[in-house]
Amino acid sequence: MVSVVDGALHHLDKPGGYHVLIAVLLCCNYFPITFHHLTALFYATDIAHACRLPEGWPWHKKFSIPTVTGTSKYDDCRMFVDPNSAKLGTKSCVYGWEFYPQDREWTIAAEWGLVCERSYLVQMATAVYSGGVIFGGLVFGTLADKFGRKPLVLFTLYVQTAVSICIYFVQNFILYVILRFVHGLLLQGLQCTTLCLVIELLPSRYRTAAGIGCSIVWALATICLSLIAYSVQHWRYIQLAISLPCIVTLLYIWLIPESVRWLVTMTKTENAISTARKFSLYNKRPLTEEFNRDLESAIKEISSKESSRMESYGLRELVCYSSQLRIGSLVLCFCWFSASSLYQALSQSLFEVASDRYTSIIIVGFVDLIAFVVMYFILVRFGRRRPLCALLIFSGSMCISTVVAEIGRAHV
């Protein structure tokens with residue numbers, strides 16, 4: 001079926017200015033995706049704190065809260081059972097905590113007291129968000145195949161904007177976690193459908209550039225997020241600052257076209273020809289009658305094959321149709337899982353290198369930007385499989401070497 005569609009669409013193999021404009025607009029969807037995927041790096045950080053003492057507390061703070069051994073710093077999570085007798089030991093902060101933010105910094109940990117024995121709730125919120133991301137990836141790919149790329153892009157883009165603004169107003173931690181789950185689901189749906197649409201928009205020989213373009217926007221958004229977080233610092237205002245600009249994307253309703261490839265595959269002849277003519281009009285490259293004949297012929301061939309088979313392709317066919325598809329899919333899923341896990345781990349470890357997390361994220365963004373640009377030329381020159389294998393072997397070797405070096409240093 002792929003060869004049939006490609007044969008019909010070879011008349012559109014020369015992208016023009018309209019192609020580039022739509023591709024750029026779609027790549028810009030990666031700004032909110034990146035912003036909200038990485039906000040936990042700023043929202044979930046701990047702020048200096050100590051046990052709160054109620055008003056009218058008769059004892060001075062230094063007699064009520066122990067200090068960390070060898071320092072004058074008050075303990076973060078403990079207070080004396082009896083200020084008159086330190087021998088009775090300590091207890092948890094029964095009156096809550098006082099926070100000492102630097103400048104205007106304020107996080108969800110300070111907002112809802114997610115420190116000490118409640119600190120696990122911060123990780124739980126991040127895990128719930130990741131669960132939404134996983135579920136969104138499973139759901140919206142199938143929905144995009146059934147209902148089209150454009151409706152799903154617009155749906156996930158606009159609903160996630162509404163949910164994102166709602167998160168700014170939320171006053172309850174449980175509701176915050178629920179909204180973050182829904183937000184993660186929608187954002188992953190937006191990422192999947194956007195990438196699918198931007199790749200299908202362009203001819204096959206430009207798909208590498210399209211994918212790398214989305215990745216470059218990811219790197220730029222990482223840098224922008226760090227600058228926004230440094231300027232704003234309060235988590236609610238950061239949330240608002242990265243949400244409101246998405247309102248501009250209401251214009252996408254009139255600007256973004258449906259995927260011609262999807263329309264052809266779904267045998268929507270009139271819509272496919274209409275969309276193709278829109279491209280030719282804005283690009284000032286008129287289509288020929290030969291295009292109409294090839295397109296109608298391709299749609300008839302697809303219709304006859306589908307009617308004889310009476311089934312559609314989905315996740316089940318990807319896994320069960322043939323051993324080659326099954327093995328290839330599982331290998332690629334494992335590669336993606338490994339690369340994503342390593343990326344997250346390395347991003348977190350950079351906090352130990354830089355003096356503050358804002359600098360760390362900027363470093364991550366610039367490293368990503370350089371890597372994506374370099375990878376474009378590598379992929380064009382060597383294809384996909386060899387660079388993938390080489391990079392997996394190299395990165396795995398570096399990780400193992402790091403572990404071996406740490407073990408060796410620990411025994412010195």
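Residues numbered from 1 in each chain as written. Predicted model: local features only at pLDDT ≥ 70, side-chain atom pairs only at ≥ 80, totals over all residues. Heavy atoms only, no water.

Colleague: Help me out: how do you make sense of the overall build of the protein in this one?
Modeller: What the protein contains, in helices and strands, is 19 helices and four strands. Burial statistics for the protein: of 412 residues in total, 39% are counted as buried. Taking the contacts inside the protein whose residues are at least 6 apart along the sequence as the reference set, 73% of them involve residues at least 24 apart. Accessible surface, the protein: about 22800 Å² in total, of which carbon and sulfur atoms supply 66%. (Helix = DSSP H or I, 4+ residues; strand = E, 2+ residues; numbered from the N terminus. Buried < 20%, exposed > 50% of the residue type's maximum accessible area, 1.4 Å probe, protein only. Contact = heavy atoms within 4.5 Å. Areas by Shrake-Rupley, 256 points an atom, 1.4 Å probe, with all protein chains shown as cover.)

Colleague: Please explain the pattern of salt bridges as it appears in this structure.
Modeller: When the charged atoms of two side chains lie near each other, side chains of opposite charge can form a pair. Applying the stated criterion to the full structure yields four salt bridges. The salt bridge partner of R236 is E111, with a shortest N-O separation of 2.9 Å. Highlighted residues: R236 in helix α11 (residues 235–243) and E111 in helix α6 (residues 108–111), separated in sequence by 125 residues. The partner of E200 in a salt bridge is R149, with the nearest N and O atoms 2.7 Å apart. Here E200 is found in helix α9 (residues 173–201), whereas its partner R149 is found in helix α8 (residues 149–169), with 51 residues between them in sequence. Under the relative-accessibility criterion, R149 is labelled buried at 7%. Connected via shared salt-bridge partners are D145, R149 and E200. (Salt bridge = Lys/Arg side-chain N within 4 Å of Asp/Glu carboxyl O.)

Colleague: What is the right way to read helix α18 (residues 357–382) from this model?
Modeller: Structural remark: α-helix, 3.6 residues per turn; residues separated by three or four positions point the same way. Relative to the 38 Å expected for 26 residues at 1.5 Å per residue, α18 spans 36 Å between its end C-alpha atoms, a close match to the ideal helical length. Positive phi appears at G383, one or two residues downstream of α18, with a value of about 85°. (Expected span 1.5 Å × (residues − 1).)

Colleague: So what exactly am I meant to see when it comes to the nonpolar core here?
Modeller: Burial of nonpolar side chains together is a common tendency in soluble globular proteins. One finds F42, Y43, W112, L114, F173, Y176 and W235 to be the most contacted residues of the largest nonpolar core, which totals 43 residues. Of the residues forming this core, the biggest block, six residues, is contributed by α9. Excluding residues within four positions of it along the chain, F173 makes contact with W112, L114, L121, M124 and A125. (Core = buried A, V, L, I, M, F, W, Y, C linked by side-chain atoms within 4.5 Å.)

Colleague: Whenever I open this one, empty space enclosed by the protein confuses me. Can you help?
Modeller: Counted according to the given criterion, the structure contains three cavities of 30 Å³ or more. Along the walls of the second largest cavity sit A40, Y43, A44, I108, V122, A125, T126, Y176 and R180, which together make up its complete lining. Secondary structure elements with two or more residues in the lining of the second largest cavity: α4 (40–43), α7 (120–147) and α9. Sort the elements by how many residues they give to the lining of the second largest cavity and α7 lands first, with three residues. (1 Å grid on protein atoms, 1.4 Å probe; cavity = no way out; pocket = protein on both sides within 12 Å on 5 of 7 lines; lining within 4 Å. Points joined across faces, edges and corners; volume = space filled by probe spheres on them.)

Colleague: What is the right way to look at the state of the cysteines in this model?
Modeller: A covalent bond bridging the sulfur atoms of two cysteines is what the word disulfide describes. This model, assessed by the stated rule, comprises two disulfides. Between C51 and C93 runs a disulfide, and the two sulfur atoms are separated by 1.8 Å. Across the disulfide from C51 to C93, rotation about the S-S bond amounts to roughly -55°, and the bridge is consequently left-handed. Residue C51 is found in strand β1 (residues 49–51), and its partner C93 is found in the loop between β3 (90–92) and β4 (97–99); the two are separated by 42 residues along the sequence. The buried category is assigned to C93, whose relative accessible area is 7%. Covalently, C77 is tied to C116 through a disulfide, its sulfur atoms 2.0 Å apart. Sign of the S-S torsion, about -90° for the bond between C77 and C116, identifies this disulfide as left-handed. One end of the pair, C77, is in the loop between α5 (61–64) and β2 (78–80); the other, C116, is in the loop between α6 and α7, and 39 residues separate them in sequence. Note on C77: relative accessible area 21%, which makes it partly exposed. The exposure class assigned to C116 is buried, which follows from its relative accessible area of 18%. (Disulfide = S-S within 2.5 Å.)

Colleague: Got a minute to help me understand the side chain of T39 in this structure?
Modeller: The residue T39 is located in the loop between α3 (30–38) and α4 in this model. Ignoring anything within four residues of it in the chain, the contact list for T39 reads R180, L225 and I242.

Colleague: Explain the confidence of the model for the protein here, please?
Modeller: The predicted coordinates ought not to be read in detail in places where the model reports low pLDDT. For the protein, the average pLDDT comes to 83, and 84% of its residues sit at 70 or higher. Scored below 50 in pLDDT, residues 307–311 shows four contacts in the model against residues more than four places distant or in partner chains. (pLDDT = per-residue confidence, 0-100.)

Colleague: Teacher, can you tell me more about the packing of α8 against α9 here?
Modeller: Running from N to C, α8 and α9 cross one another at 150°; their axes reach a closest spacing of 8 Å. With respect to α9, the element α8 is oriented roughly antiparallel. Crossing geometry of α8 relative to α9 is assigned as left-handed. Across the contact of α8 with α9, the residue classes tally to 16 nonpolar, seven polar and three charged. (Axes fitted to C-alpha atoms, helices over the stretch in contact; angles between N-to-C directions. Parallel < 35°, antiparallel > 145°, perpendicular 65-115°, else oblique. Left-handed = near helix turned anticlockwise from the far one by under 90°. Nonpolar A, V, L, I, M, F, W, Y, C, P; charged D, E, K, R; others polar.)

Colleague: Would you mind going over the packing of aromatic side chains with me for this structure?
Modeller: Two measures describe an aromatic ring pair: the distance that separates the ring centres and the angle between the ring planes. According to the stated counting rule, one finds 14 aromatic pairs in the structure shown. The interplanar angle of 45° and the centroid separation of 5.5 Å between the aromatic rings of W112 and Y176 together place this pair among those described as tilted. Note that W112 is positioned in the loop between α6 and α7 and Y176 in helix α9, a separation of 64 residues in sequence. Its guanidinium or amino end placed over the ring of Y129, R180 lies 4.0 Å from that ring's centre, counting from NZ or CZ. Directly above the aromatic system of F382 lies the positively charged group of R381, at a separation of 4.9 Å from the ring centroid. (Phe/Tyr/Trp six-rings, centres within 6.5 Å; stacked < 30°, edge-to-face > 60°. Lys NZ or Arg CZ within 6 Å of the ring centre and 35° of its normal.)

Colleague: Can you walk me through the environment of F372 in this structure?
Modeller: As for its position among the elements, F372 is in helix α18. Sequence spacing of F372 and G213 is 159 residues, and the spatial spacing of their C-alpha atoms is 8.6 Å. Once residues lying within four places of it in the same chain are set aside, the contact partners of F372 are I212, S215, I216 and A219.

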